[in-house]
Structures are given as structure tokens and as C-alpha cells.
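# Analysis of the macromolecular model
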Amino acid sequence: MELIYAYPAERGRGVEAEILGALRDRFGAVTQTAREERDAEHGDRTDVFVTLDVADDQVEAALTALRAHPLVIDAAAGSFGERV
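The structure contained in this document is the topic of the report that follows. (Residues numbered from 1 in each chain as written. Predicted model: local features only at pLDDT ≥ 70, side-chain atom pairs only at ≥ 80, totals over all residues. Heavy atoms only, no water.)

## A few points about the nonpolar core
Counted only if it meets this: Side-chain atoms within 4.5 Å are what join buried Ala, Val, Leu, Ile, Met, Phe, Trp, Tyr and Cys residues into a set we call a nonpolar core. Classification of residues uses two cut-offs on accessible area relative to the type maximum, computed with a 1.4 Å probe and protein chains only: under 20% is buried, over 50% is exposed, and between them is partly exposed. Counting from the N terminus, the helices are the DSSP runs of H or I reaching at least four residues and the strands are the DSSP runs of E reaching at least two. In what follows, a contact means two residues having at least one pair of non-hydrogen atoms within 4.5 Å.
If you look at the biggest cluster of nonpolar residues, it comprises 19 residues, and the most contacted ones within it are L3, Y5, I19, L23, V30, L52 and L66. Broken down by secondary-structure element, the contributors of at least two residues to this core are β1 (2-8), α1 (14-27), β3 (46-53) and α2 (59-68). In terms of residue count, α1 provides more of this core than any other element does, five residues in total. Contacts of I19, omitting those with residues within four sequence positions, involve Y5, L66, H69 and V72. I4, F49, A76 and F80 belong to the second-largest nonpolar core, a separate cluster that totals five residues.

Here it is in C-alpha cells:
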């Protein structure tokens, strides 16, 4: 299943590597499938939206791990349905 999360772009791409590595260590086969930079809805900054593919039986645990990361703005299964 696809998960999406967002983080502030000014934190750099190292955030993605850190998160992907941590999720792979914990859940096995996790793949990053997309990355998009968008203007933030509030303020003069840019946010990065990353899509990951995670095993269906790991979705809730992976979402909890993403939401607990201090640099993650938000995370959801599938899509946000609207902007963060």
C-alpha cells in the first residue's frame, strides 16, 4: 500500500534517506516511489511530499513511525486527499 508523508524542504534530502533507512530496518521492503516539492500552504517555504510503498500488513505501524518522526509534518495512507 502507498503511504505519503511531508517534511519541510529546507531540512534537505537527508531526511528521506534517514526515514527510508529506519522504515526498512523495522519493516523490511519499503520503497520510495515518488517525491514532489510544493509551496507550503502557510508561510514562504516549500514542503516535500514523499510516497512510499509498504506491505499492507505494515501500514498502521509504518504510519505511526512516520508520524512520530520530528521532521514529518503529516503522514497518511494513500494520499492526503487535500494539501497539508
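## Describing the packing of aromatic side chains
Formally: When two rings of Phe, Tyr or Trp (its six-membered ring) have centres within 6.5 Å they constitute a pair, described as stacked for plane angles under 30 degrees, edge-to-face for angles over 60, and tilted for the intermediate range. The rule for a charge over a ring is simple: NZ of Lys or CZ of Arg within 6 Å of the ring centre, and within 35 degrees of the ring normal.
Counted according to the given criterion, the structure contains one aromatic pair. One cation-aromatic arrangement involves R38 over F49; the distance from NZ or CZ to the ring centre is 4.1 Å.

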